Amino acid sequence: MLLTENNFMTNILQVENVSKTFTNHKALDDVSLEVPEGKVYGLLGPNGAGKTTLIRIINHITAPDSGRVLFDGHQLTAADIVNIGYLPEERGLYKKMKVGDQAVFFARLKGLSKADATRALKQWFERLEISSWWDKKVEELSKGMAQKVQFIVTVLHNPKLLIFDEPFSGFDPINANVLKHEILKLRDEGATVIFSTHNMASVEELCDNITLINKSHNILTGPVSELRRRFSNNCYEIGFEGNAKELIAKIQPCVRTIEPMATDRDGISHVRFSLNSQDDLRNLLGVANAEVMLRTFNPLLPSMDEIFIRTVENSNHSTPTPPEL
Amino acid sequence: MSRALSIIIAREYLERVKRKSFIITTILMPIIMLAIMVAPAVIAMMSTPEEQVIAVIDDSGVVAGRLHDSDEITFKRVADNIDVVKKEEAYGAILVIGSNVVTDPDDNVTLYTHGSPSLTTERFVKDQIEDAVESRRIELYEIDNLRQIMEDVQVDMKMKTYRLDQDEENETSSLLSYLLGTFMMLILYFFIMLYGQMVMTSIIEEKNNRVLELVVSSVNPNDLMMGKILGIGAVAVTQILIWAILIVAGSLCLMPFMTTAAATADDPTLVAAISQLGDPAFMAKLVVFMVLFLIGGYLFYSSIYAAIGSAVDNIQDASQLQTVAIVPIILALIISMSVVQDPNSGLALWTSMIPFTSPMVMMARMPFGIPVWQSLLSVVLLYVSFFGMIWLSAKIYRVGIFMYGKKPTFMELMRWVRYK
């Protein structure tokens, strides 16, 4: 299990064999995962898979029936929640309260003094260019505006672990981008981020590792790059100058599938193929190199979308197995 | 008290007390109450009653002479036929008395009016005729001084009551106890209902606009629930204190009038009532217990309301579960109504010990004077039950706040208690 990485990296969070049952419904069944410090960790899964229950357990809101959660090496306690910032998927604010008062209220709940909270908040409000909202009532804000305030409240106390559940929903692309940069900045400053979303493009872009939960089981865990390689099915694309037909005829015996692509404006032809084994690659490239002038070579990696769908569908059709890798 | 709890309490308290609606109701309420009490008297004083003349056609010849005019009503005997009198505009009403009125009053008296007569007019006329017939009947016995004899036989006694269980034998007034008991019981009813439901609606609101998810990621749900109950409770205490100050200030202004009224009053009930009201020991004991029961009752019921609020998404869904809280409160109200009539009955004793009914029933009994052990036991039971109830509610709350969609039944709430 992630041996190479774990040897020199500490885990901020370890979830060990956690199970949780509600009446007639098993929300989590023997789920384990390890979140390395200073990384962005994707927590993925279809609706109702048990992600929110897991996040609530990590936040010490509910307790697991069995298993344990280690935070920074020790058993998670209520005192640790000041080191966690959580932005829930379903979120709201007190409508009648002024934005500034409300932000100070939440910051104080996280352990900041009133003066510290006010000072830090003023900075953040300036940074996100929302200083003029301080004395407005929340009911006067739009949804996106309120989300910005909630984001600030989540990160204000500089927590070691940040948990964002669908942070970009309700944001326009410009503000979503602002937020994304703020999240990455926080990571660069040393925070660990757990990121739960259905937007797989942002997973590819942001996450270092992921865990995929389906039907209360952890069905896939690993670093994003490694997973994409593993799911690539030995698919590659080459670009070359020369006769495509002859090349295809020559390499046909070595491949599992082969598919010619369009020739681009520079006169470079492309061919996509998949191999039965990675070991055939060297042989194939040798054959191709002798036949045509090779220009490009790319392994074709599946999108996280594909991996998500394939893994979830597989696990729905078979009995759940413990995660590999 | 944990830091988070005090921050929650402060928010709940300040957000409410700073609201305009709180300031307005707190100041306006006593004014409205005073207006309701004073208004009828003022209206009665201001409005001069309508004077009217009633024409009397007396076939018996014995009644008309015995009718006495009042300030508003003048009887005028007429000899004309009824049809003639009906055409006259001057008469407000026509009273027709048959010839056999003395032997058979039921079938011999008729009152014709323009429009429906007022209740007081009708009663006045009826009383006058009854008196007239009565005195005529007495005359018919032809016994000398019969009227005098009958008046001598009449008894009108005023009894003095003293309490034996008090150090000083104070004169007590059951009238005052009745009024005080009813008053305090209603105050308790009002506050428990109003502020208990406020706890519930406020939790539903938090759940509904999903701010709750954000708050519970920072504080323990128990702290959040407790903070809400205590914060809103503090608002209730603030309101009561303001009203108490207004009432004390008001009565200090009125006291000189009341003492002169007591000095000049020849009614011993009134004298006793006023002297008891002025007894500091009696009043202090009442106020202390009232505060204890008010706070205890509020805490007990608001924990029930908190559990209900946590379990539903909107106020409509709450109505069914609310019966769990409302039925005992209404029951307590009804029992208290009978308790002020009979403060030492078995029902009164038992219901003033059961925490669901004890705050109100005890408040209704308290002014009548009850053994100290009873009041203390009741207080202890109430506060102990509160701790039991808050424990139960916290368990429901913890689960309920994350339950959306389905409206839970009472049995499901009980099942949540067992969740880890």
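Calculation criteria
Residues numbered from 1 in each chain as written. Chains lettered and ligands numbered in written order. Predicted model: local features only at pLDDT ≥ 70, side-chain atom pairs only at ≥ 80, totals over all residues. Heavy atoms only, no water. Contact = heavy atoms within 4.5 Å. Salt bridge = Lys/Arg side-chain N within 4 Å of Asp/Glu carboxyl O. Polar contact = N/O pair within 3.5 Å; in protein donor to acceptor, adjacent residues only side chain to side chain. Helix = DSSP H or I, 4+ residues; strand = E, 2+ residues; numbered from the N terminus. Nonpolar A, V, L, I, M, F, W, Y, C, P; charged D, E, K, R; others polar. Domains from an automatic or database assignment. Buried < 20%, exposed > 50% of the residue type's maximum accessible area, 1.4 Å probe, protein only. Pairing = 2+ DSSP bridges. Axes fitted to C-alpha atoms, helices over the stretch in contact; angles between N-to-C directions.

Enquirer: Break down the interface of chain B and chain A for me, with residues and values.
Expert: Taken together, the contacts link 21 residues of chain B with 30 residues of chain A. Joining chain B to chain A, the criterion identifies 2 salt bridges. The salt bridge involving B:Arg210 is made with A:Glu90; its shortest N-O contact spans 3.8 Å. Put simply, chain B and chain A have 6 residue pairs in polar contact (both at pLDDT 80 or more) between them. When residues of the side of chain B that touches chain A are traced back to their parent elements, those giving at least two are α1 (3-17) and α7 (211-216) of chain B. Tallying contributions element by element places α1(B) first for the side of chain B that touches chain A, with 6 residues. Along the lines of polarity and charge, the residues of the side of chain B that touches chain A split into 10 nonpolar, 3 polar and 8 charged.

Enquirer: Lay out the domain arrangement of chain A with the relevant residues and their values.
Expert: When the domains of chain A are assigned, the result is domain 1 (3-229) and domain 2 (233-299). Computed over C-alpha atoms only, the centres of domain 1 of chain A and domain 2 of chain A are separated by 44 Å.

Enquirer: Hey, could you go over the environment of B:Gly231 for me, with residue numbers and the actual values?
Expert: Residues and elements named next belong to chain B. For Gly-231, the location among the structural elements is in helix α8 (residues 221-264). Accessibility expressed as a relative area gives 0% for Gly-231, which makes it buried. It is 70 Å that separates the C-alpha atoms of Gly-231 and Arg-147, two residues lying 84 residues apart in sequence.

Enquirer: How would you sum up the sheet that holds strand β5 (residues 74-75) of chain A? Please name residues and give values.
Expert: Residue and element names in this part refer to chain A. Strand order across the open sheet formed by 4 strands is β2-β1-β4-β5, with antiparallel pairing between neighbours. Two strands bound the open sheet, and with one partner strand each, they are β2 (25-36) and β5. Two elements, strand β1 (residues 11-22) and strand β4 (residues 66-71), share 5 bridges in a ladder whose sense is antiparallel. Paired with Leu-13 across the strands is Phe-71, a residue of β4. Its contacts with the sheet place helix α2 (residues 51-58) against β1, β2 and β4, and it is angled at close to 120° to β1.

Enquirer: Would you mind going over the sheet that holds strand β6 (residues 84-87) of chain A in detail, with residue names and values included?
Expert: In any sheet, the strands associate via hydrogen bonds between backbone groups, in a parallel or an antiparallel arrangement. Residue and element names in this part refer to chain A. Judged by pairing direction, the sheet is mixed, and its 6 strands sit side by side in the order β6-β7-β8-β3-β9-β10 without closing on themselves. If you trace the sheet from one side to the other, it starts and ends with β6 and β10 (217-223), each paired once. Mean inter-strand twist for the sheet, computed between neighbouring axes without regard to direction, equals 15°. Across the face of the sheet, helix α11 (residues 304-317) comes into contact with β3 (40-44), β9 (209-214) and β10 while running at roughly 35° to β9.

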